[in-house]
Amino acid sequence: MEFLDLVYLRESTRRYADMAVEQEKIAKILEACRLAPSACNSQPWKFIVVTDRSLSLEIAKATFSTLVQFNRFALQAPVMVAIVSEPASVISKLGSEVNDRNLALIDLGIVAE
């Protein structure tokens, strides 16, 4: 498959089946995340995988309000993954200063995508 064909097939999921996600699938997703590029290979992230339904509902509710409702679909998600920013490496921090950009935040965007 050509890369552009894969891009055309991409979609944003807004409806979820009411079933658990297999641990093997979660592991594959986390492995893909581990392979994501980052400045100086600093990988300034940690992942918190939430499969507990009551906790995932609590997280989902924190993504919207009565005023901003466009994330309500998160209530149906059977798994939540929180990406937590870790302190950047010294080399990555230096690169951020030189480039006047927060490379760790860019890296978080890359791994989230």
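Just so it is clear, the model here is predicted, and its values are computed rather than measured.

Participant: Even after reading the chapter, I still don't get the packing of aromatic side chains, so can you show me in this structure?
Facilitator: The geometry of an aromatic ring pair is captured by two quantities: the separation of the ring centres and the angle between the planes. Counted under the stated rule, the structure contains one aromatic pair. Taken together, a centroid distance of 6.4 Å and an interplanar angle of 45 degrees make the contact between W45 and F47 tilted. Judged by relative accessible area, which is 6%, W45 ranks as buried. On the accessibility criterion, F47 (25% relative accessible area) is partly exposed.

Participant: Honestly, the side chain of S56 in this entry has me stumped. Any pointers?
Facilitator: Among the secondary structure elements, S56 is positioned in helix 3 (residues 53–61). Those residues in contact with S56 that lie beyond four places of it in its chain are V50, A77 and M80.

Participant: How should I be thinking about the pattern of salt bridges in this particular structure?
Facilitator: Side chains that differ in charge, positive against negative, can pair when their charged atoms come close. Applying the stated criterion to the full structure yields three salt bridges. The residue E113 makes a salt bridge to R10 at a minimum N-O spacing of 3.7 Å. Placement of E113 in the segment after helix 5 (103–112) and of R10 in the loop between helix 1 (3–9) and helix 2 (23–34) is noted, with a sequence separation of 103 residues between them. With a closest N to O distance of 2.8 Å, R34 and E31 form a salt bridge.

Calculation rules
Residues numbered from 1 in each chain as written. Predicted model: local features only at pLDDT ≥ 70, side-chain atom pairs only at ≥ 80, totals over all residues. Heavy atoms only, no water. Phe/Tyr/Trp six-rings, centres within 6.5 Å; stacked < 30°, edge-to-face > 60°. Buried < 20%, exposed > 50% of the residue type's maximum accessible area, 1.4 Å probe, protein only. Helix = DSSP H or I, 4+ residues; strand = E, 2+ residues; numbered from the N terminus. Contact = heavy atoms within 4.5 Å. Salt bridge = Lys/Arg side-chain N within 4 Å of Asp/Glu carboxyl O.

Remember, this is a structural readout, not a statement about activity or role.
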